[in-house]
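Overview (structure and organization)
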Amino acid sequence: MKTSLLITTLIISFFINRTNLYSEDGYRLWLRYDKVTNKSLLKSYTTQIKYLLVDNNSPTLSAVKEELQNGLTGLLGKNIPVISATKNRTVIASNYKKSKILKELSLSPEISNIPDDGYLIQTLKHKGNDIIVITSNSDVGVMYGTFEFLRLLQTQKPITNLKIISYPKIKLRILNHWDNLNRTVERGYAGFSIWDWHKLPDYIDTRYKDYARANASIGINGTVLTNVNANAWVLTHDYLLKVAALANVFRTYGIKVYLTARFSAPIEIGNLKTADPLNEDVRQWWKEKVKEIYSLIPDFGGFLVKANSEGQPGPQNYGRSHADGANMLAEALEPYGGVVMWRAFVYDNNIPEDRAKQAYNEFKPLDGKFKKNVLIQVKNGPIDFQPREPFHPLFGAMPNTPLMMEFQITQEYLGQGTHLVYLATLFKECLESDTYCKGKGSTVAKVIDGSLDNHSISGIAGVSNIGTDRNWTGHLFGQANWYAFGRLAWNHELTSEEVAEEWIRQTFSNDNEVVSKIKTIMLKSREDCVNYMTPLGLHHIMGWNHHYGPAPWIKDKHRDDWTSVYYHRADSNGIGFDRTEKGSNAVSQYYPEVAEIFSSLEKCPDEYLLWFHHLPWNYKMKSGNTLWEELCYHYYKGVEGVKETINIWKSLESKIDKDEFEHVKMLLNIQLKEAIWWRNACVLYFQTFSKMPIPNELEKPDKSLEYYMNLNFPYAPGI
Ligand code: BDP
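First, a word on scope: everything that follows refers to the structure included in this document. (Residues numbered from 1 in each chain as written. Predicted model: local features only at pLDDT ≥ 70, side-chain atom pairs only at ≥ 80, totals over all residues. Heavy atoms only, no water.)

1. Things to note about the packing of aromatic side chains
On inspection of all chains with the given rule, the structure shows 42 aromatic pairs. Relative to Trp 649, the ring of Phe 508 has its centre 5.9 Å away and its plane inclined at 70°; by these criteria the two rings are edge-to-face. Placement of the pair is Phe 508 in the loop between helix H15 (496-507) and helix H16 (512-533) and Trp 649 in helix H20 (residues 627-650), with a sequence separation of 141 residues. Given a relative accessible area of 0%, Trp 649 falls into the buried group. Ring plane angle 75° and centroid distance 6.3 Å describe the contact between Tyr 590 and Phe 612, whose orientation is recorded as edge-to-face. Highlighted residues: Tyr 590 in the loop between strand S14 (574-575) and helix H18 (592-599) and Phe 612 in helix H19 (residues 609-612), separated in sequence by 22 residues. Here Tyr 590 matches Phe 612 in class, with each residue buried. Within the aromatic cluster, the residues linked to one another by ring pairs are Tyr 27, Trp 30, Trp 195, Tyr 208, Tyr 211, Phe 250, Trp 472, Trp 482 and Tyr 483. For the cation-ring pair, Lys 379 lies above Phe 345, with the distance from its terminal atom to the ring centre recorded as 3.2 Å. When the ring centre of Tyr 566 is taken as origin, the NZ or CZ atom of Arg 569, which lies over that ring, is 5.1 Å away. (Phe/Tyr/Trp six-rings, centres within 6.5 Å; stacked < 30°, edge-to-face > 60°. Helix = DSSP H or I, 4+ residues; strand = E, 2+ residues; numbered from the N terminus. Buried < 20%, exposed > 50% of the residue type's maximum accessible area, 1.4 Å probe, protein only. Lys NZ or Arg CZ within 6 Å of the ring centre and 35° of its normal.)

Following this line, the structure appears as structure tokens:
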């Protein structure tokens, strides 16, 4: 009797502790499908979900079936049989246009009007049977609905009386991989490129499918496989076969592939003497190339182009405009429905003009001159993915051209691979900015979703943070930024908080303490980072070339616009870039309502102060502090923020998988070290100009400025 009791106890405790034995490596991302922990919800789910019916066949619907089977088996802890005729408590996933079964049900009439990618999830009674329907007017819409349904269960939401209608606000939701053919990743901090070019097209890594699943689960429907600093070689026939092999995997999940087109490809791989976009042979070469691509990849998405920027070739090499270049490619792609995403990230150190103004100057006059299948891809801010920038003045300035948003998910300027910085707040800050281009409420979001100017195409791109690291993104919390990009691309009205909460529940746990504490950490993380790196509107003061760590002292390089002193302009009189009328007048590129705010010292938010104004060190801030004191307080506050994050994280030790807990803890310690490094280096450097003391109550840097200036990182990642 006693031994059997002991054995029973041991078995029970084995199962209770099972989760502790299993160590989590992050590979499953937010698609973990672990068994629902809330007992009463689990019971309610298992009574409502007894069978699964996926009618009609297509590769996408097979993938839907597989996902639902795996997902439900995991979440409910039991197998859900697949049936072919409706029974009580069936989940039906089906394309409305093709389904006979659904026609018999009294589905919400709205289904007929839901745009293709959208879906309806509805609970219904039919002939006495309770059923749950996931449907859409397209197969991929059924897939998006499926992932939403699984998300409801993963985040432990009730599923009785469902009627969810959802469709994306933006049409092209695209990841940009800055991946090179040798598998290095420009600004990548999560290992090497996941595209194993050498073994393609014959070897299909299982990661490709998991990559596609993850993207489909958040609505991403396109991927640019190659770096914007492009290599023409990817357009050779052998490489196109490799691209086609990837496209074959992604197609099932509604993801199109795109490539970066190197403007000089006709010379480099086509034996032509020129790449002049108005030259007939060049135009013909691109047409032939595009034809070849579509013969291999019938649903090829199109080209992303970086031209005449940072040394990349482009139409201006031949005295032609960006419109000439973009239109040549657009013409070649047009018969097949492909698009050109032409980047507005252009600036030239030979032009004696504030770098922040150059893209606008170049592109605004071209509004209306692009072919219908061209989108202009604009970075969120006018300089370059800094921890904080005002929105790019091109948003709202080109009403006749669809403008795409380009965000950077990889944290080139926000702590790279080791800082926990949740970017949804940065994305939202930009999307919600009011351009005033059509009066109050003309937000950047409405410019890029096409609603303000009735564009038929719209797009948003995120520079990927994905690599070969087992957990995909290096830092586990990097996954949250991939997730947030996709979710906001689908629906930019979601709040940063909602997205964070979804991600936490799917990634860590539905435990309330875990959810609320991690949410606190995530929501403040970007402001902490701005504070310890570039407070009050400072920008571009990072390390030379690798962009790792602080280096506000960078000067005397071959390009002024790649130095730090160009941007902070600190001297004994003060600090900041005067972009008002008295300075570079970059403010004039904004609509008057916005320009007035940024120009005025009273109205300009502290967050953008030194972006737009050069001010004396003893300038009186709204807080009553001098500018110098305020700068110090912000730097110190940033560091305190990271300390606070570490304490919150530590308090969750018993509730987080051991390996994940340790992984994040170690990275947070690195983040703290680096936040202190940023703070000390910047405060000491700026002090050489302000000649003012660090406020008394703040601890003094323990190292000298010289020490920081002598640090060297020849092997920093990402270049
Ligand atoms: C900069 C990166 C550089 C990219 C460039 C771009 O440092 O590696 O090539 O952006 O977006 O921020 O083209």
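Picking up after the structure, the text goes on.
2. Focus on unusual backbone geometry
Cis geometry marks the peptide bond from Leu 200 to Pro 201; its omega dihedral reads 5°. As for its position among the elements, Pro 201 is in the loop between strand S6 (172-176) and helix H6 (206-217).

3. Thoughts on the site of the ligand
Around the ligand sit 14 residues in total, of which Glu 186, Lys 306, Arg 343, Asp 384 and Glu 412 are the nearest. Lys 306 places a side-chain nitrogen or oxygen 2.6 Å from an oxygen atom of the ligand. Contact distances for the ligand include 2.6 Å between an oxygen atom and a side-chain N or O atom of Arg 343. Compared with its free state, where it exposes 320 Å², the ligand has 97% of that area covered by protein. (Near = heavy atom within 4 Å. Polar contact = N/O pair within 3.5 Å; in protein donor to acceptor, adjacent residues only side chain to side chain. Areas by Shrake-Rupley, 256 points an atom, 1.4 Å probe, with all protein chains shown as cover.)

4. Description of the sheet that holds strand S1 (residues 51-54)
In space, the 5 strands of this open sheet follow the order S1-S2-S4-S3-S5, with mixed pairing throughout. Two strands lie at the open edges of the sheet, namely S1 and strand S5 (163-166), each paired on one side alone. Shown here is a sheet whose adjacent strand axes are inclined to one another by a mean of 20°, direction ignored. In terms of strand pairing, strand S2 (residues 90-95) meets strand S4 (residues 129-136) through 6 bridges, oriented parallel. (Pairing = 2+ DSSP bridges. Axes fitted to C-alpha atoms, helices over the stretch in contact; angles between N-to-C directions.)

5. A look at the environment of Pro 535
As for its placement among the helices and strands, Pro 535 is situated in the loop between H16 and helix H17 (565-568). Sequence-distant contacts of Pro 535, defined by excluding residues within four places in its chain, comprise Val 530, Leu 631, His 634 and Tyr 635. (Contact = heavy atoms within 4.5 Å.)

6. Here we look at the pattern of salt bridges
Under the definition given, this model contains 53 salt bridges. Here Lys 289 and Glu 292 are joined by a salt bridge, their closest N and O atoms 2.9 Å apart. Residue Lys 289 and its partner Glu 292 are both found in helix H9 (residues 280-296); the two are separated by 3 residues, about one turn of the helix. On the basis of relative accessibility, which here comes to 8%, the residue Lys 289 falls in the buried class. Notably, a salt bridge pairs Asp 384 with Arg 355, separated by 3.5 Å at the nearest N-O pair. Taken as a pair, Asp 384 in the loop between strand S11 (374-379) and strand S12 (403-408) and Arg 355 in helix H11 (residues 355-363) lie far apart in primary sequence, 29 residues in all. Given a relative accessible area of 3%, Arg 355 falls into the buried group. (Salt bridge = Lys/Arg side-chain N within 4 Å of Asp/Glu carboxyl O.)

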